[in-house]
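Per-entry structural report
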Amino acid sequence: DGGITQSPKYLFRKEGQNVTLSCEQNLNHDAMYWYRQDPGQGLRLIYYSQIVNDFQKGDIAEGYSVSREKKESFPLTVTSAQKNPTAFYLCASSTPTGGGYEQYFGPGTRLTVT
Amino acid sequence: AQTVTQSQPEMSVQEAETVTLSCTYDTSESNYYLFWYKQPPSRQMILVIRQEAYKQQNATENRFSVNFQKAAKSFSLKISDSQLGDTAMYFCAFTPILGNEKLTFGTGTRLTIIP
C-alpha cells in the first residue's frame, strides 16, 4: 500500500528539548512538505523540499529544521527556539507528473510541549 | 503573494440537503490549480476535488461539484445529498502551475451534517 506515514501519532516533550517528527513516503514523490495546523488558522507551511539534499523555508520556518537525505524521508526537528511548539503537524508529498499537483497527506503528529 | 479566503467559519445542514461552501482567492497568476480538501475528525486530510484554472468546465466528483468563476476569483464547493460522513473541516487551497507546488490554504469551514 502506497502512502505517507508519520510517527508517532502523539508526542509529549518538556520545554527546552528538541524533538524530531518522522515522515516517510513510498509514493516515489519528489516533493515533500511540513505544515503546522493550529485552531482557526488553517495549514501553514514550515519547510518544503523538491529534491533530495535541498529544501526551502516556508512561511513559518523559525524554530524548525529539516533534512532530506533520502527521497522517502523528510524529518522535522522542532527546536527549543520555537516559542509555541504545541500544535498538530502534517507531512505531505506531491509530484507534478500526471498533472495532478495535489498533495497527499500523512495522518499527522500531535505535539504537546509542557 | 497568493491569499485564500473562506468567509464561513462554521456551517450546518440537515442530512440529505445541499450545502455550498465559499472560497475566494487573490492571485496575479493566470494558470493554477484549486483544490478542496476535507479533514474529518480523524484529522486525515483527504482531497475532495480539483479544478484546473484553464478549464472552463466545472469539476465534479459524485456528490461534490464546484462553481469556478475565474474572473471573480471564486471557487465554491457544493455538496449534494449531504451525508453524516461529510461532517468535517473543509479547506480550499491554491497552487500556481509553474511554481514550486506550494499550496496556500484558507482557514477552513467546519461543516456539521445534522441527522
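Residues numbered from 1 in each chain as written. Chains lettered and ligands numbered in written order. Predicted model: local features only at pLDDT ≥ 70, side-chain atom pairs only at ≥ 80, totals over all residues. Heavy atoms only, no water.

**With respect to the interface of chain B and chain A**
As a measure of interface size, the accessible area lost when the parts come together is often cited. This is how the line gets drawn: Contact definition: two residues touch when any of their heavy atoms are within 4.5 Å. Buried area is calculated as the accessible area (1.4 Å probe) missing from two parts once they are joined, with the contributions of both summed. In what follows, salt bridge is the name for a side-chain nitrogen of Lys or Arg lying within 4 Å of a carboxyl oxygen of Asp or Glu. Under this definition, polar contacts are N or O atom pairs within 3.5 Å; protein pairs additionally need one hydrogen-donor-capable and one acceptor-capable atom, and for neighbouring residues in sequence, both atoms have to be side-chain atoms.
Each partner contributes to the interface: chain B provides 21 residues, whereas chain A provides 26 residues. Here chain B and chain A share an interface that buries about 1900 Å² over both sides, 51% of which is from carbon and sulfur atoms. For chain B, the biggest contributors to the area lost against chain A are B:Arg43, B:Glu101 and B:Lys102; these three give 32% of the whole. Across the salt bridge formed by A:Glu102 and B:Arg50, the nearest N and O atoms sit 2.5 Å from each other. Viewed at the interface, chain A and chain B are joined by six residue pairs in polar contact (both at pLDDT 80 or more).

**A short note on unusual backbone geometry**
Applicable threshold: What counts as a helix is a DSSP run of H or I of at least four residues, what counts as a strand is a run of E of at least two, and both are numbered from the N terminus. For every residue, the accessible area (1.4 Å probe, protein chains only) is compared with the maximum for its type, and the residue is labelled buried under 20%, exposed over 50%, or partly exposed between those bounds.
Following A:Ser7, the chain continues into A:Pro8 via a peptide bond in cis, with omega recorded as -10°. Tracing the backbone shows A:Pro8 in the loop between strand E1 (4–7) and strand E2 (10–13). Here A:Asn28, not a glycine, exhibits a phi torsion of approximately 60°, which is positive. Classification of A:Asn28 by relative accessible area gives exposed; the value is 56%. For B:Asn62, which is not glycine, the phi dihedral falls at a positive 55°.

**A few points about the environment of B:Gln14**
Residue and element names in this part refer to chain B. If you trace the backbone, Gln14 turns up in strand E2 (residues 10–14). Taking C-alpha positions, Gln14 is 29 Å from Phe94, a pair spaced 80 residues apart along the chain. For Gln14, the contacting residues outside a window of four places in its chain are Ser82, Ile113, Ile114 and Pro115.

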